[in-house]
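Residues per chain, in single letters:
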Amino acid sequence: MSALTIEGLKEILNEAAGEDDSFKAGQDILDTPFLELGFDSLALLETVALIKRRYGVGVGDDELADIETPRELLAKVNGDLAA
């Protein structure tokens with residue numbers, strides 16, 4: 001399976017939040033905390049559920065508690081995909 005890109009993650013985040021095009025094209029969100037982006041714990045749970053369905057990578061609740069930015073989530077997912 002191919003790696004999850006930031007653009008792919010943006011699509012999943014938008015779907016999880018129930019909004020379309022929440023992020024502008026080219027907007028750099030990699031190191032912006034999810035809370036600053038407007039994503040609470042419920043939206044992140046939906047995000048990781050969508051990632052599991054599409055990529056087969058699970059993120060446990062304890063792992064998710066330590067993930068604060070899109071960069072950290074991408075590193076976790078893509079690290080598991082590479083393993």
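Scroll up for the structure.
Notes on the structure in this doc start here. All values derive from a computational prediction rather than experimental measurement.

Calculation criteria
Residues numbered from 1 in each chain as written. Predicted model: local features only at pLDDT ≥ 70, side-chain atom pairs only at ≥ 80, totals over all residues. Heavy atoms only, no water. Salt bridge = Lys/Arg side-chain N within 4 Å of Asp/Glu carboxyl O. Helix = DSSP H or I, 4+ residues; strand = E, 2+ residues; numbered from the N terminus. Buried < 20%, exposed > 50% of the residue type's maximum accessible area, 1.4 Å probe, protein only. Core = buried A, V, L, I, M, F, W, Y, C linked by side-chain atoms within 4.5 Å. Contact = heavy atoms within 4.5 Å. Expected span 1.5 Å × (residues − 1). Arc of directions from axis to C-beta.

1. Re the pattern of salt bridges
Here is step 1 of the chain: Counted according to the given criterion, the structure contains six salt bridges.
Here is step 2 of the chain: As a salt-bridge pair, Glu15 and Arg54 come within 2.4 Å of each other at their nearest N and O atoms. You can see Glu15 sitting in helix α1 (residues 6–17) and its partner Arg54 sitting in helix α3 (residues 41–55), a full 39 residues away along the chain.
Here is step 3 of the chain: Overall, the relative accessible area of 37% leaves Arg54 in the partly exposed class.
Here is step 4 of the chain: Across the pair Asp31 and Arg71 runs a salt bridge, and its minimum N-O distance is 2.6 Å. With Asp31 in the loop between α1 and α2 (34–37) and Arg71 in helix α5 (residues 70–82), the pair connects residues that are 40 residues apart, well separated along the chain.

2. Side note on the nonpolar core
Here is step 1 of the chain: One finds Leu4, Leu9, Phe34, Phe39, Ile51 and Leu73 to be the most contacted residues of the largest nonpolar core, which totals 21 residues.
Here is step 2 of the chain: Looking at this core, the elements with two or more residues in it are α1, α2, α3 and α5.
Here is step 3 of the chain: In terms of residue count, the dominant contributor to this core is α3 (five residues).
Here is step 4 of the chain: Contacts of Leu9, omitting those with residues within four sequence positions, involve Leu4, Thr47, Ile51, Pro70, Leu73 and Leu74.

3. Thoughts on α5
Here is step 1 of the chain: Taking 1.5 Å per residue as the helical rise, α5 with its 13 residues ought to reach 18 Å, and the 18 Å between its terminal C-alpha atoms agrees with that figure.
Here is step 2 of the chain: Buried residues of α5: Pro70, Leu73, Leu74, Lys76 and Val77, and no others. Down the axis of α5, the buried side of the element spans an arc of 160 degrees, and every buried residue falls inside it. Exposed and oriented more than 90 degrees from the buried face of α5 are Ala75 and Ala82.
Here is step 3 of the chain: Its buried side turned inward, α5 meets α1, α2, α3 and α4 (61–66).

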